[in-house]
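Each chain, letter by letter, is given below.
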Amino acid sequence: MSRAGGFSLLLGGPGTSETITLLARQFWSEAGEVFSRRQEDALRTLMVDASLGRAWLAQYRNEPVGFAVALYRHSIGYGGRVALLDDLFLVERMRGRGLGRRMLRAVSEDLEAFGLLQVHALAPRNSVAAGLYASEGFLPAQMQLFERPFDSEQQA
């Protein structure tokens, strides 16, 4: 897919599932959270059902260094399919080299080439991720996101 200067971004699928799942486990652990079986199943389902979204494996010199996940939704307001960048993760030792920016650009280019109309991203306010998104042309949303869990596991 995208390959330049030792960096490559591969479209996720059954062949990259194990590696992306290991990176996701690391991502959640770094955030102080448990990567549950339910979340792992959701990630693996995404990688075999292209109608749900896309996953990518980032590599540097053929070594896995990160992953990204975008989920699709059909939007009346935007007039078609848009994506939510649900996860964008780069292993700590590779941060500060511009690889996260390259990864975000490659993901955005892939989504646009695939015909999506817009990509949304979530990040904690004033975080490094929020700064990266803003510097790459992402604008703060005019609407506020609200959540309502439907099961007790999510409400705790």
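For the structure, see preceding data.
What you see is a predicted model, and the numbers here were worked out from it, not measured in a lab.

Okay, the overall build of the chain next. A count of helical and extended segments in the chain gives five helices and six strands. The order of helices and strands in the chain, counted from the N terminus, is β-β-α-α-β-β-β-α-β-α-α. Viewed in the frame of its principal axes, the chain has a C-alpha envelope of about 40 × 35 × 35 Å. Per-residue burial over the chain gives 35% buried out of 156 residues. A fraction of 58% describes how many contacts in the chain between residues 6 or more apart in sequence connect residues 24 or more apart. As displayed, the chain has an accessible area near 10000 Å², and 52% of this comes from carbon and sulfur atoms. Side-chain charges in the chain split into 17 positive and 17 negative, and the spacing between the mean points of these groups amounts to 5 Å.

Across all of its chains, the model carries eleven salt bridges by this definition. Measuring nitrogen to oxygen at the nearest pair gives 2.8 Å for the salt bridge that ties Arg-38 to Asp-151. One end of the pair, Arg-38, is in helix H2 (residues 37-46); the other, Asp-151, is in the loop between helix H4 (128-135) and helix H5 (152-155), with 113 residues separating them in the sequence. A salt bridge links Arg-101 to Glu-136; the shortest N-O distance between them is 2.6 Å. With Arg-101 in helix H3 (residues 99-113) and Glu-136 in the loop between H4 and H5, the pair connects residues that are 35 residues apart, well separated along the chain. Judged by its relative accessible area of 22%, Glu-136 is partly exposed. Several salt bridges converge on common partners, so that one network encompasses Glu-18, Arg-25, Arg-37, Glu-40, Asp-41 and Arg-44.

A word on H2. Considered for burial, the residues of H2 that qualify are Glu-40, Leu-43 and Leu-46. The buried side chains of H2 occupy one side of the element, clustering within an arc of 125° when seen end-on. On the buried face of H2, the contacting elements are helix H1 (17-30), strand E3 (53-60) and strand E4 (63-75).

If you look at the biggest cluster of nonpolar residues, it comprises 37 residues, and the most contacted ones within it are Leu-9, Leu-43, Leu-85, Leu-88 and Leu-111. Beyond its immediate chain neighbours, meaning those up to four positions away, Leu-43 contacts Ile-20, Thr-21, Ala-24, Phe-35 and Val-69.

Rules used throughout
Residues numbered from 1 in each chain as written. Predicted model: local features only at pLDDT ≥ 70, side-chain atom pairs only at ≥ 80, totals over all residues. Heavy atoms only, no water. Helix = DSSP H or I, 4+ residues; strand = E, 2+ residues; numbered from the N terminus. Buried < 20%, exposed > 50% of the residue type's maximum accessible area, 1.4 Å probe, protein only. Contact = heavy atoms within 4.5 Å. Areas by Shrake-Rupley, 256 points an atom, 1.4 Å probe, with all protein chains shown as cover. Lys, Arg positive; Asp, Glu negative; His and termini not counted. Charge placed at Lys NZ, Arg CZ, Asp CG, Glu CD. Salt bridge = Lys/Arg side-chain N within 4 Å of Asp/Glu carboxyl O. Arc of directions from axis to C-beta. Core = buried A, V, L, I, M, F, W, Y, C linked by side-chain atoms within 4.5 Å.

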